[in-house]
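# Structure assessment
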Amino acid sequence: MRVFVTGGIGFVGSHLVDRLVATGHDVTVYDSYTNPHVRKAIDRRNWVNQPHVVIGNLLNSLTLKEALRESNPDIVYHLAARADVRATPSAAFDNNVRGTFELLEAMRETGVRRIAFASSGSVYGETTIIPTPENAPFPLQTSLYSASKVAGEALIQAYCSSYGFQGYIFRFVSLLGERYTHGHVLDFYRKLQRDPRQLEVLGDGQQQKSYLYVHDAIDAMFLATANTAYPVYIYNLGTDEYCKVNDSIRWIAEALGIPRPIC
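Residues numbered from 1 in each chain as written. Predicted model: local features only at pLDDT ≥ 70, side-chain atom pairs only at ≥ 80, totals over all residues. Heavy atoms only, no water.

### Digging into the overall build of the protein
To keep it simple, the criterion reads: Helical segments are the DSSP runs of H or I of at least four residues, strand segments are the runs of E of at least two, and each set is numbered from the N terminus. For this measure, only C-alpha atoms enter the radius of gyration; the expected value for a globule follows 2.2 Å times N^0.38, where N is the number of residues. The protein chains shown are the only cover counted for residues, whose accessible areas, like all others here, come from Shrake-Rupley with a 1.4 Å probe. Lys and Arg are tallied as positive, Asp and Glu as negative. Neither His nor the chain termini are counted. Each charge is placed at NZ for Lys, CZ for Arg, CG for Asp and CD for Glu.
A count of helices and strands for the protein gives 8 helices and 11 strands. Computed over the C-alpha atoms, the radius of gyration of the protein is 19 Å, within 12% of the 18 Å expected from 2.2 N^0.38 for a compact globule of 263 residues. Each principal axis of the C-alpha distribution contributes one length, and for the protein these read about 60 × 45 × 35 Å. In the structure as shown, the protein presents an accessible area of about 13,800 Å², 52% of it carried by carbon and sulfur atoms. Once the 25 positive and 26 negative side-chain charges of the protein are each reduced to a mean point, those two points are 3 Å apart.

### Quick notes on helix H5 (residues 144–163)
Formally: The span one expects for a helix is its residue count, reduced by one, times 1.5 Å. Each residue's exposure class comes from its accessible area (1.4 Å probe, protein chains only) as a fraction of the maximum for that residue type: buried when under 20%, exposed when over 50%, partly exposed otherwise. The arc in question is the one traced by the directions running from the helix axis out to the C-beta atoms. In this description, contact between two residues means that some pair of their heavy atoms is separated by no more than 4.5 Å. By the criterion applied in these results, polar contacts are pairs of N or O atoms within 3.5 Å in which, for protein atoms, one can donate a hydrogen and the other can accept it, and in which residues neighboring in sequence qualify only through two side-chain atoms.
Taking 1.5 Å of rise per residue, the 20 residues of H5 would be expected to cover 28 Å, and the 28 Å separating its terminal C-alpha atoms lies within 8% of that figure. Considered for burial, the residues of H5 that qualify are Ser146, Ser148, Lys149, Gly152, Glu153, Ile156, Tyr159 and Cys160. Buried residues in H5, looked at end-on, bunch into an arc of 160°, giving them a common side. Opposite its buried face, H5 presents the exposed residues Ser161 and Ser162, each directed more than 90 degrees away. Contacts made by the buried residues of H5 are with helix H4 (89–110), strand E5 (114–120), strand E6 (166–172) and strand E10 (232–237). Between the side-chain oxygen at the start of H5 and the backbone nitrogen of Tyr145 there is a gap of 3.2 Å, and the oxygen is on Ser143. Two residues or fewer after H5 comes Gly164, characterised by a positive phi angle close to 75°.

### Considerations on the nonpolar core
Heads up, the condition is: Nine residue types can take part in a nonpolar core, namely buried Ala, Val, Leu, Ile, Met, Phe, Trp, Tyr and Cys, and a core is a set of them joined through side-chain atoms within 4.5 Å.
Grouped together as the largest cluster of nonpolar side chains are 30 residues, with contacts concentrated most on Val5, Tyr77, Phe170 and Phe172. Elements that contribute at least two residues to this core include exactly strand E1 (2–6), helix H1 (11–22), strand E2 (26–31), strand E4 (75–78), E5, E6, helix H7 (214–224) and E10. Those residues in contact with Val5, other than ones at most four positions away along the chain, are Leu16, Val17, Leu20, Val27, Thr28, Val29, Tyr30, Tyr77 and Leu79. Grouped together as the second largest cluster of nonpolar side chains are 20 residues, Val54, Met107, Val112 and Phe165 included.

### Observations concerning the side chain of Gln166
Its location among the elements puts Gln166 in strand E6. You can call Gln166 buried: its relative accessible area is 12%. A polar contact of 3.2 Å, which involves the side chain of Gln166, links it to the side chain of Tyr168. Dropping the residues within four chain positions of it, Gln166 is found in contact with Arg113, Arg114, Ile115, Cys160, Asn227, Thr228, Ala229, Tyr230, Pro231 and Tyr233.

### Remarks on the pairing of E2
To keep things clear, this is the line we draw: Think of it this way: DSSP has to see at least two bridges between two strands before they count as a pair. Look down the strands so they point away from you; if the path from the first strand over the helix to the second goes clockwise, the crossover is right-handed.
The buried fraction of E2 is high, at 5 of 6 residues. Here E1 runs beside E2; their pairing, made up of 5 bridges, is parallel. Pairing of Phe4 across the sheet is with Thr28, part of E2. Handedness of the crossover joining E1 and E2 through H1: right-handed. Where E2 meets strand E3 (residues 52–55), 4 bridges bridge the pair, whose relative direction is parallel. Looking at E3, one finds that Val29 is bridged to Val53.

### Remarks on empty space enclosed by the protein
Selection rule: Within this scheme a cavity is a closed region of a 1 Å grid, computed over the protein atoms alone, that accommodates a 1.4 Å probe without allowing it to escape, whereas a pocket is open but has protein on both sides within 12 Å along at least five of seven lines; lining residues each have an atom within 4 Å of a point. Grid points are joined across faces, edges and corners, and a volume is the space filled by probe spheres set on the points.
Tallied over the entire structure, the rule returns 1 cavity of 30 Å³ or more. Considering only enclosed or pocket space, the largest cavity measures out at about 30 Å³ in volume. In terms of lining residues, the largest cavity is bounded by His78, Ala80, Ala81, Asn95, Asn96, Thr100, Phe117, Ser148 and Lys149. At the level of secondary structure, the elements contributing two or more residues to the lining of the largest cavity comprise H4 and H5.

### A closer look at the packing of helix H3 (residues 61–71) against H4
To keep it simple, the criterion reads: For helices, the axis comes from a line fit to the C-alpha atoms of the stretch in contact; other axes are also lines fit to C-alpha atoms, and the angle between any two N-to-C directions lies between 0 and 180 degrees. Working rule for angles: under 35 degrees goes down as roughly parallel, over 145 as roughly antiparallel, 65 to 115 as roughly perpendicular, anything else as oblique. In a left-handed crossing the near helix is turned counterclockwise from the far helix by less than a right angle, and in a right-handed crossing that turn is clockwise. Gly is placed with the polar residues, together with every amino acid not listed as nonpolar (Ala, Val, Leu, Ile, Met, Phe, Trp, Tyr, Cys and Pro) or charged (Asp, Glu, Lys and Arg).
One way to put it is that H3 packs onto H4 with a least axis distance of 9 Å and a crossing angle of 45°. With respect to their mutual orientation, H3 and H4 come out oblique. Read as a crossing pair, H3 and H4 show a hand that is right-handed. The residues of H4 that touch H3, namely those facing Ser61, Leu64, Lys65, Leu68 and Arg69, are Glu102, Leu103, Ala106, Met107, Glu109 and Thr110. Residue composition of the contact of H3 with H4, by class: 5 nonpolar, 2 polar and 4 charged.

### Quick word on H1
The end-to-end C-alpha distance of H1, which contains 12 residues, comes to 17 Å, matching closely the 16 Å that a straight helix rising 1.5 Å per residue would cover. Most of H1 is tucked away: 9 of the 12 residues are buried. Positioned one or two residues after H1, Gly24 has a phi angle of 90°, which is positive.

In structure tokens form, the structure reads like this:
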């Protein structure tokens, strides 16, 4: 199968591409290739010589259309997104919302009709329905990131209805795994390495977090995209388990072999 992956050099994307290449798929990666940590890791593995890599921005419609025409994919996995939205809201809008629109338009013009989209469980906000089903109502959006994901979902659903696309929308919980590059778990780990006696924590530490191993998420994505009966599929990808922030602090301290820090 021919597969096109946006954001294929990022955390989830690089694992997805690894799996696709290992199972014999013809993979094209479309990425701006800007993350220096990921770039160094990929270069050390000589990974870019395996799939076909196109360095480009989603907002560059000419490059994007050319890459889609040349690769002629059976499906697009759209994982490219900007997470640091608070400091640069306009850049986040361009990448997450306008970038999704440009991708859908490029797909429409080049005849590609299947898209799998990395959304987020954050679209539910502080929901009162636990566990939260896929048809739970959305609250007022208080996060720019989740608002951009809601917009991306809506665009994909509209293209499925208007232009005969088939869409798969995955609302992830927090993902962990090899090459994980950001988030409070890594922040705690780095801070405790610098000062094992004290750790600054936002809130009371009782906040509940659910995590999913990145390869379990990819397994679920592969399973879901085998379905073709409906124009749009929406899946929450997570587990019934959760931990409190204080639990993660204790586990990290134990792994580092240090006493529980003062928080």
